[in-house]
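Letter by letter, the chains look like this.
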Amino acid sequence: MKTLILLATFLFSGFTVSAAETKIMIRAKARDAKFIGSSLGGAHIIVRNKLNQQILAEGNTTGSTGNTDLIMKATRTRETSITDPQTAGFLANIDIEEPTFVRIEVISPLNSRQAQAAVSTELWLLPGKHILGDGIILEIPGFIIDILKPRTHQYIPLSSIKGKPFPFQANIVMMCGCVVDKGGVWNSDEMEVKGILKKDGKFIKNVQMSLVSTNLFEGSDLLNTPGNYELTLYAYHEKSGNTGVDKVNYVVYE
């Protein structure tokens, strides 16, 4: 009897499939720019089993934004890599026993909520068949915009600004944190940056914003009446289709 049990155990073990480690490199790349890495807090990556939504791997991209010349300037062929060993990514180590259909989700930029976007893709993973090198690259469109002046819900006495240009100020960078500058790789001259000004819920005017130093845009307007103001500031780049928005509310009082 013991011999039969041992034989059955041996036969059964012969048909047992063991899980195989499967590595997949996942990267988030800003549209028309570089990779999202440690300098911006990373992009958050989630790998799910599409069938049951089980999370198979999760973490943030780390590393550099990559080589500007390689990514933005070099002529590339089909097999040309756009990453190097320092380029930001998240290496997922997943144990699977059989081909598994997964969904990869990227949330980025992790630390800039007003600009945050989520993108995803789906693919089959095969046990022990790694996807490395450039890996899976997901593109994040947009700009990161932070209005610096006025401050959120700032109370401003009318007497302090009446008859004077009231300054608006915003910091604008690519989704990888790459700099916007006049004549640079990301050329401010090619971008439309404007503020949409409202008072008590009604449109007043558009405010033209201009680059005054790297990433920093400024504009101004005369505010001569008290009220609840709202500034919606946007950036638009026609060639890439990148857009970005930030909003602020403030109060002018007598």
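The structure presented is a predicted model; accordingly, all values stated were derived computationally and were not measured. (Residues numbered from 1 in each chain as written. Predicted model: local features only at pLDDT ≥ 70, side-chain atom pairs only at ≥ 80, totals over all residues. Heavy atoms only, no water.)

Draft legend 1. Inspection of the environment of Gln86 at higher detail. Among the structural elements, Gln86 can be located in the loop between α2 (68-73) and β4 (90-96). Taking the C-alpha atoms as reference points, Gln86 and Asn67, 19 residues apart in sequence, are found 9.0 Å from one another. Filtering out sequence-adjacent residues up to four positions away, Gln86 remains in contact with Gly63 and Ser64. (Helix = DSSP H or I, 4+ residues; strand = E, 2+ residues; numbered from the N terminus. Contact = heavy atoms within 4.5 Å.)

Draft legend 2. Up close: the environment of Ala43. Within the element layout of this structure, Ala43 appears in the loop between β1 (20-30) and β2 (44-49). Beyond its immediate stretch of four places on either side in the chain, Ala43 contacts Ala28, Ile36, Gly59, Asn60, Thr61, Val106, Ile107 and Ser108.

Draft legend 3. Spatial organisation of the domain arrangement of the chain. Partitioning the chain into structural domains gives domain 1 (21-140) and domain 2 (143-252). Taking the mean C-alpha position of each, domain 1 and domain 2 sit 32 Å from one another. Facing 19 residues of domain 1, the contacting portion of domain 2 comprises 17 residues. Taken together, the two surfaces of domain 1 and domain 2 that pack against each other cover about 1,200 Å², and 65% of this comes from carbon and sulfur. Considering only the side of domain 1, the residues that lose the most area to domain 2 are Arg31, Asp32 and Gln114, jointly responsible for 39% of the buried surface there. Joining domain 1 to domain 2, the criterion identifies zero salt bridges. (Domains from an automatic or database assignment. Buried area = accessible area lost by both parts, 1.4 Å probe. Salt bridge = Lys/Arg side-chain N within 4 Å of Asp/Glu carboxyl O.)

Draft legend 4. Structural view of the state of the cysteines. A complete count under the given rule lists one disulfide for this structure. The disulfide bridge from Cys176 ends at Cys178, spanning 2.5 Å between sulfur atoms. Handedness here is read from the sign of the S-S torsion; for Cys176 and Cys178, about -135°, the answer is left-handed. Of the two residues, Cys176 and Cys178, both sit in the buried class. (Disulfide = S-S within 2.5 Å. Buried < 20%, exposed > 50% of the residue type's maximum accessible area, 1.4 Å probe, protein only.)

Draft legend 5. The arrangement of the environment of Gly42 in detail. Locating Gly42 in the fold gives a position in the loop between β1 and β2. Judged by its relative accessible area of 0%, Gly42 falls in the buried class. For Gly42 and Thr22, which are 20 residues apart along the polypeptide, the C-alpha to C-alpha distance reads 23 Å. Each residue touching Gly42, except ones within four places of it in the same chain, is listed here: Ile36, Gly37, Thr61, Ser108, Pro109 and Leu110.

Draft legend 6. Summary view of the pattern of salt bridges. This model, assessed by the stated rule, comprises ten salt bridges. Two residues, Glu139 and Arg31, come together in a salt bridge whose shortest N-O distance is 3.1 Å. Placement of Glu139 in strand β7 (residues 131-140) and of Arg31 in the loop between β1 and β2 is noted, with a sequence separation of 108 residues between them. Of the residues examined, Glu139 reaches a relative accessible area of 40% and is grouped as partly exposed. As a salt-bridge pair, Arg103 and Glu105 come within 3.7 Å of each other at their nearest N and O atoms. Judged by relative accessible area, which is 27%, Arg103 ranks as partly exposed.

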